[in-house]
Amino acid sequence: MTDQTKIALITGASRGLGAALAEALAPEYHIVAVARTTGGLEELDDRIQAKGGSATLAPMDITDPDAMSTLCRSIHDRWGKVDLWLHTAIHTSALTPAHFIDAKEWFKALNTNATATSVLIPFVAPLLGESGHAVFFDDPKAGEKFYGIYGATKAAQMSLARSWSLETERTGPRVSIVEPRPMPTAVRARFHPGEDRDVLSSTAEEANRLLSLL
């Protein structure tokens with residue numbers, strides 16, 4: 001690995017779209033894969049190595065500011081940069097009427113979807129510099145019935161990303177927001193149980209489509 005190695009930081013990389021993006025980017029990028037699920041990260045690493053790529057596994061919780069600070073400091077000390085940051089980590093709450101929202105579940109979603117993003121942006125921005133690229137993934141459910149927790153906290157995340165995108169138009173880094181098509185992921189299954197998953201785009205297909213847009 002040389003100083004010219006391109007680094008892709010993927011938060012939420014152990015499964016679903018995050019894992020598919022990691023596989024699609026390797027071996028062009030060295031993947032820094034962040035997720036809480038160690039087993040999922042190790043399986044991802046095996047798949048990346050099988051196609052000639054390499055990864056650094058970071059089994060960490062993005063809602064832990066100290067862990068994220070340590071992660072970004074380690075990236076800085078080792079590579080001095082991040083070329084591409086893909087933020088796919090998300091907490092999906094069960095669909096529930098607004099008047100039955102559980103406070104514990106609300107704060108868990110808020111911490112993962114919004115607060116962690118507000119912590120990560122200042123940590124990752126210096127690593128991206130002027131030429132790096134951050135990508136966020138929209139899922140516009142705000143205001144839909146039964147999506148009170150997920151819709152509101154995901155909308156807060158997107159609001160942060162849109163503000164950052166406008167603020168960095170002239171200075172960099174580039175900040176993009178894309179909207180994935182429905183995929184047969186655990187997130188989708190939680191919201192649409194019993195759905196015919198065969199008609200949905202695979203995570204690999206969608207990863208390649210989204211990366212082509214960028």
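Residues numbered from 1 in each chain as written. Predicted model: local features only at pLDDT ≥ 70, side-chain atom pairs only at ≥ 80, totals over all residues. Heavy atoms only, no water.

1. Digging into the overall build of the protein chain
Counting its regular elements, the protein chain contains 7 helices and 6 strands. Traced from its N-terminal end to its C-terminal end, the protein chain shows the element sequence β-α-β-α-β-α-β-α-β-α-β-α-α. By the compact-globule yardstick of 17 Å for 214 residues, the protein chain fits well, its C-alpha radius of gyration being 17 Å. Once the C-alpha set of the protein chain is aligned to its principal axes, its extents read approximately 55 × 35 × 30 Å. (Helix = DSSP H or I, 4+ residues; strand = E, 2+ residues; numbered from the N terminus. Rg over C-alpha atoms; globule rule 2.2 N^0.38 Å.)

2. Let's talk about the packing of aromatic side chains
What the rule picks out here adds up to 6 aromatic pairs. With centroids separated by 6.4 Å and ring planes inclined at 55°, the aromatic side chains of Tyr147 and Tyr150 adopt a geometry described as tilted. Accessibility classification places Tyr147 together with Tyr150 in one group, the buried group. On the basis of an interplanar angle of 70° and a centroid distance of 5.0 Å, the ring pair of Tyr147 and Phe191 is categorised as edge-to-face. With Tyr147 in the loop between strand 5 (133-137) and helix 5 (148-167) and Phe191 in helix 6 (residues 186-191), the pair connects residues that are 44 residues apart, well separated along the chain. Taking the relative accessible area as the measure of exposure, Tyr147 reaches 7% and is therefore buried. (Phe/Tyr/Trp six-rings, centres within 6.5 Å; stacked < 30°, edge-to-face > 60°. Buried < 20%, exposed > 50% of the residue type's maximum accessible area, 1.4 Å probe, protein only.)

3. Notes on the pattern of salt bridges
Here the idea is simple: oppositely charged side chains can pair when their charged atoms come close. In the structure shown here, the tally under the stated rule is 7 salt bridges. The salt bridge partner of Arg73 is Asp77, with a shortest N-O separation of 3.4 Å. Linking Arg73 with Asp77, this pair stays in helix 3 (residues 65-78), spanning 4 residues, or about one helical turn. Relative accessible area serves as the criterion here: at 49%, Arg73 is assigned to the partly exposed category. Across the salt bridge formed by Arg162 and Asp138, the nearest N and O atoms sit 2.9 Å from each other. Of this pair, Arg162 sits in helix 5 while Asp138 sits in the loop between strand 5 and helix 5, and the two are 24 residues apart along the sequence. On the basis of relative accessibility, which here comes to 12%, the residue Asp138 falls in the buried class. (Salt bridge = Lys/Arg side-chain N within 4 Å of Asp/Glu carboxyl O.)

4. So, helix 7 (residues 203-213)
Three or more residues of helix 7 are buried, namely Glu206, Ala207 and Leu210. For helix 7, the angular spread of the buried residues around the axis is 105°, confining them to a single face. Relative to its buried face, helix 7 has exposed residues pointing more than 90 degrees away, namely Glu205 and Ser212. Summarising the contacts, the buried residues of helix 7 are in contact with helix 1 (16-25), strand 5 and strand 6 (174-178). (Arc of directions from axis to C-beta. Contact = heavy atoms within 4.5 Å.)

5. Some remarks on the sheet that holds strand 3 (residues 55-59)
Here we have 6 strands laid out as an open sheet, ordered 3-2-1-4-5-6, and parallel in their pairing. Each edge of the open sheet carries a strand with a single partner, namely strand 3 and strand 6. The mean inter-strand angle of the sheet, taken between neighbouring strand axes irrespective of direction, is 15°. Two elements, strand 5 and strand 6, share 5 bridges in a ladder whose sense is parallel. (Pairing = 2+ DSSP bridges. Axes fitted to C-alpha atoms, helices over the stretch in contact; angles between N-to-C directions.)

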